[in-house]
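# Structural description and commentary
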Amino acid sequence: MDLHLKNLFDRFQEQFGSGPGLGPGSGTCLMKVEGISSNFIKPLFKASAALYRTEPWRRLRPGHLFGVRVGKDSDWSGKKQPFPCSQFIGGDGGDIGFYMFRSENDAKKMTGSRETIRAPNVELLRVTYELETLMFPSNRKMIKSLSLEASGNDRFPVIDVACCTSSGELQFRNPTLEELKFVYAFMRAISLVHPLLQADKEGGPNWTRLISFDPFIETVDIQWPPEMARGHELVAVTISHPPGQPYEEKISSTASSTPTKYAEPPDEVTFMDIRVNSNSSSRHCAMCEKEVNGDQSLCCGRCRAVVYCTSLCQKQHWKESHKSMCGLYKAMMEREEELVMKIFMFPCSAAQPCKWLESLGIHQKGMWRRKCSCYSHCPFGLLPVKGGLWDSWGGLDDEEYPGDLPFHNQLRDGISSPILLSGWSEYYNLRSLPLSSPVADILSHPLTVYHILTALSINTKNLLLKGKEVILHYLGPEGEMDWMPAFSEISHLLNGLGNIQIIMVGPEVPTNLSGTTSGISSRVRVNLVRGVYQEEATYLPSPHVIVALNCALDRYSSWGGALDLIKAIGVPAFFTEQSEILCANAKQVLRGAGLHITHPVTPNPFRSPVKNHDSSTNLPSYSNGFVLGVNA
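What you are looking at is a predicted structure, and each value in this text was computed from that prediction instead of being measured.

What follows concerns the overall build of the protein. The number of helices and strands found in the protein is 18 helices and 25 strands. Buried residues in the protein amount to 53% of all 632 residues. Considering only contacts within the protein whose residues lie at least 6 apart along the sequence, 69% involve residues at least 24 apart. As presented, the protein carries roughly 29100 Å² of accessible surface, and 50% of it is formed by carbon and sulfur atoms.

Shown next, in the form of C-alpha cells:
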C-alpha cells in the first residue's frame, strides 16, 4: 500500500509540479550549496524581487530568447559562460519564472509552442516564483531564518538545475555557487534592460500573438555583493535579443566601466528644425546650456530628445557624448507612455502646475506653495506658517493626508523594526490613503531618503536595526526646507527604532536659518547650514551617507569640489535625477571625477507621480525618478 501511494504521489507531482512540463524540484535548498553564505543569499533574493517588480512576463514569452554575457570567459570555470541563453516562462499562465540554458541550441530544442520539451541529457537552470505555502519545508525554513525579501506579496524564487535523462526521467540538483553568481548578475541586468525592448510592429507574421522585438543589445555595470567581489566590485553584463546579436566593442575609459553598445549606431548627425510647445518649460542647449526658444532651436533627428542653439553645438555634442547615448535616448522617447505611473487617480501633469493645484483646491496653500512659481519671491525655508498639519497639507480632507500618527500592527516576530516599503501602493495602503490624494508629490523627497537609508545603504540599515543614530548629509536643499512636516513621516516609518540626523547643506539655505536645528519629530531632526558643501563639511559631524536629490550633476560646475570631497572621504553617496537619461549623464560625471558607481541606475519606487519634461531633453521626467550611488 505504501508503495502504491508513493507511485501515485510521484505521478501527481510529475503532472502538477512547478514549472511548465518539468515537474517539481527535489527539495533543493540554497543553504546546501557549497561555499554559500547568508550574506549572498539575501542580495540574491533582493535581486530576484526587483526583477519580479518589473513584470517581464507582461510582454515576454519563451520564444523571446536572450543572450547573456557576464564579464569575460576567463572569469568562469572552464573559460566558458555557464548559461549564455535565457527565456521567460509563464506569461501565458502557469508558474512564472525564467530558464537559463547552456546554449541557444539547447534553448531551441526545449522550447515548444505551449510547454517545455524534455530533451535528453540537456541541463537547464530554473528560477520559478512560487507561493511560500507550496514550497518545500527546507526552503520555507531558510526564508524565515534569514528574513529574505519576498517577491510581490508572498512569492519567493526557487532555484535549481534540472536535467532530463535518456530514459525520460527528471533529475534535479542544487546550483553551484558560480552558477548562482551568474544568475544574480543576469537578474540585476535584465531588470534594467528588458523595458527598453522596442516592439517591431512590421516584424513577425500576423497570425501569431507573439510580439516581435527589434534587435537589441545593451551593456550595464552590475555591482557584486561584497562576498563575491574578490577585488572587482563591478562586472559588465551584456543582454542581447536575439542571442548573438553582434556589436562592436568600444574602448572603455576605465577597467570597471563598459559603455553602452548599439548594433546600428547612426553614421552621421541628423539635423531638424523643431518648435517647442509654448506651454512646456524652457529648453536648454544640451551642449552649452544656453536657453533656446522653440523657433530658434535644432534637435537630433534620430532621437528627437535633445535640443541645441546652433548646428555647431550639435556637432560638438555628437562627438563628445551624444553619439554613444543617442540610441538610449531614442528608446526612452518611444516608451514615454510606459513610464507614466498609472496607480494614481489625479491628473499627472506639471506643465501647468498652478492649474493642476487649482483643480485639487490646494493652490497657494501650505506646503503646496513650493509646487509652482507663485511664491518664488519668498526665500526657501521662509514660507509663512499658519498652524497645524491640516494647514501644512493645504486643507486636504483628513483622510487624504498622513496624520501625525504611528503605524499600527507593524511588528515582525513580535519585535519593532523599521517598516520596509516596496512602493507607493504599499505606502498608500498602510496609511489608508485614497489614490486620488496628491501627497506623493511632496512625500517623494522624504520617502526617497528613507528608501536609500533602509533599502540601498546596507550600513545605515544595519545601524537603524540596532537602534543607533544615522547622520545624513543632504546636499542642495531648496523646497525641502518648506516641507518639514512631510519629513516627520520618516520618524513613523522608523517604527520606534533608530534615529536620523539630517544635515541640509547648500547655498539656498537662508542666512537667518543657517545653524538652526529643527526637531521635526522624536527620532528625526534637521540641521540647516548655508554654504558650499566642500567648504562646510569639515565643520560638520562625519556622515554615514550623503544624499543629493534631483542634483543635475551634469549642469553645475560647483559639483566638482563636492565630488572630490566625497571621493576623498569614501562615504556612500546616492544621487537622484529626474530621468534615466540624466542619470546616464550623471554616471559619466561621477566616473570622470574618479568615483566608482557601486549602485547602478535604478527606478526609484518613490519618485513623484507628477510628470514633467526635462529642460535639456524632451524626455518625460519625474522628481527623484532614478537613483544611482557611489562608494555604497
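Once you've had a look at it, read on.
Of all five residues making up strand S25 (residues 626-630), five are buried, and the element is well covered by its neighbours. Covered by surrounding structure in S25 are Phe626, Leu628 and Val630 together with Val627 and Gly629, the residues of both alternating faces. Two elements, strand S21 (residues 573-577) and S25, share five bridges in a ladder whose sense is antiparallel. Within S25, the residue paired with Ala573 across the bridge is Val630. Relative to S25, strand S22 (residues 597-603) runs antiparallel, the two sharing four bridges. Pairing of His599 across the sheet is with Gly629, part of S25.

So, about the packing of helix H2 (residues 38-53) against helix H5 (residues 177-193). Where H2 meets H5, the closest approach of the two axes is 9 Å, and the angle between their N-to-C directions is 35 degrees. For H2 against H5, the interelement crossing comes out left-handed. Counting all contacts with H2, which are made through Phe40, Pro43, Leu44, Ala47, Ser48, Ala50 and Leu51, the residues of H5 involved are Leu177, Leu180, Lys181, Tyr184, Met187, Arg188, Ile190 and Ser191. Of the residues in the contact of H2 with H5, the class split is eleven nonpolar, two polar and two charged.

This brings us to the side chain of Glu577. With respect to the helices and strands, the residue Glu577 is situated in strand S21. Given a relative accessible area of 2%, Glu577 falls into the buried group. One polar contact links the side chain of Glu577 to the main-chain amide nitrogen of Leu553, over a distance of 3.1 Å. The contact partners of Glu577, leaving out residues within four places of it in the chain, are Asn550, Cys551, Ala552, Leu553, Leu582, Cys583, Ala586, Tyr622, Asn624, Gly625 and Phe626.

Our next topic: empty space enclosed by the protein. Summed over the entire model, instances satisfying the criterion amount to one cavity of 30 Å³ or more. The volume enclosed by the largest cavity comes to roughly 50 Å³. Surrounding the largest cavity, Thr28, Leu30, Phe45, Met135, Asn139, Met142, Pro157, Val158 and Ile159 form its lining. Among the elements of the structure, helix H4 (137-146) and strand S5 (155-164) are those that each provide at least two residues to the lining of the largest cavity. Top element by residues in the lining of the largest cavity is S5. It accounts for three residues. Looking at the lining of the largest cavity, its residues break down into seven nonpolar, two polar and no charged.

Attention shifts here to the sheet that holds S5. With antiparallel pairing, eight strands are arranged side by side in an open sheet as S6-S5-S4-S3-S2-S1-S8-S7. Bordering the open sheet on either side are strand S6 (170-173) and strand S7 (216-223), each of which pairs with just one other strand. When the angles between neighbouring strand axes are averaged without regard to direction, this sheet yields 30 degrees. On top of the sheet, H5 reaches strand S1 (66-70), strand S2 (85-89), strand S3 (96-101), strand S4 (123-131), S5, S6, S7 and strand S8 (234-241); it is set at about 120 degrees to S7, its chief contact.

Counting residues in hydrophobic clusters, the biggest one holds 76 residues, and the most contacted among them are Leu30, Val70, Phe88, Phe98, Met100, Phe186 and Ile239. When residues in this core are grouped by element, the largest group, twelve residues, is from H5. Once residues within four sequence positions are removed from consideration, Phe186 is found in contact with Val68, Ser86, Phe88, Phe98, Met100 and Ile239. Core analysis: the second largest hydrophobic core is formed by 58 residues, Met484, Val526, Val547 and Phe606 among them.

Further remarks concern the sheet that holds strand S20 (residues 545-548). Through backbone hydrogen bonds, the strands of a sheet pair up, either in parallel or in antiparallel fashion. Overall, mixed pairing links the eight strands, which are arranged S18-S19-S17-S16-S20-S21-S25-S22 in an open sheet. Edge positions in the open sheet fall to strand S18 (517-518) and S22, since each of these has one partner strand only. Where strand S17 (residues 499-506) and strand S19 (residues 524-530) come together, seven bridges link them in parallel fashion. Its bridge partner being in S19, Val505 is matched across the sheet by Val529.

A few words on the packing of H2 against H4. Contact pair H2 / H4: the axes reach a minimum separation of 11 Å and the direction vectors enclose 100 degrees. Taken as axis vectors, H2 and H4 run roughly perpendicular relative to one another. Facing Ser38, Ile41, Lys42 and Phe45 of H2, the residues of H4 in contact are Met142, Ile143 and Leu146. Looking at the contact of H2 with H4 residue by residue, the class counts come to five nonpolar, one polar and one charged.

Right, let's talk about the confidence of the model for the protein for a bit. Averaged over every residue, the pLDDT of the protein is 81; the share at 70 or more is 81%. Segment residues 273-281: pLDDT under 50, and 15 contacts once partners within four positions in sequence are set aside and those in other chains are kept.

To continue, consider H2. Taking 1.5 Å as the rise per residue, H2 with 16 residues should run 22 Å; its terminal C-alpha atoms sit 23 Å apart, in good agreement. Inspection of H2 places Phe40, Ile41, Pro43, Leu44, Phe45, Ala47, Ser48, Ala49, Leu51 and Tyr52 among the buried residues, and these make up the whole buried set. Note on H2: the residue one or two positions beyond its end, Glu55, has a positive phi of about 50 degrees.

The subject of this paragraph is helix H13 (residues 458-465). Three- or four-residue spacings in an α-helix give side chains the same orientation, since the helix completes a turn every 3.6 residues. When H13 is considered as a whole, its buried residues turn out to be Thr460, Leu463 and Leu464. The buried residues of H13 occupy one face: seen down the axis, they fall within an arc of 95 degrees. Residues of H13 that are buried in the fold lie against helix H12 (440-456), strand S16 (469-475), S17 and S20. Count one or two residues on from H13 and you reach Gly467, which has phi positive near 80 degrees.

Here is what the cut-offs are and how they apply
Residues numbered from 1 in each chain as written. Predicted model: local features only at pLDDT ≥ 70, side-chain atom pairs only at ≥ 80, totals over all residues. Heavy atoms only, no water. Helix = DSSP H or I, 4+ residues; strand = E, 2+ residues; numbered from the N terminus. Buried < 20%, exposed > 50% of the residue type's maximum accessible area, 1.4 Å probe, protein only. Contact = heavy atoms within 4.5 Å. Areas by Shrake-Rupley, 256 points an atom, 1.4 Å probe, with all protein chains shown as cover. Pairing = 2+ DSSP bridges. Axes fitted to C-alpha atoms, helices over the stretch in contact; angles between N-to-C directions. Left-handed = near helix turned anticlockwise from the far one by under 90°. Nonpolar A, V, L, I, M, F, W, Y, C, P; charged D, E, K, R; others polar. Polar contact = N/O pair within 3.5 Å; in protein donor to acceptor, adjacent residues only side chain to side chain. 1 Å grid on protein atoms, 1.4 Å probe; cavity = no way out; pocket = protein on both sides within 12 Å on 5 of 7 lines; lining within 4 Å. Points joined across faces, edges and corners; volume = space filled by probe spheres on them. Core = buried A, V, L, I, M, F, W, Y, C linked by side-chain atoms within 4.5 Å. Parallel < 35°, antiparallel > 145°, perpendicular 65-115°, else oblique. pLDDT = per-residue confidence, 0-100. Expected span 1.5 Å × (residues − 1). Arc of directions from axis to C-beta.

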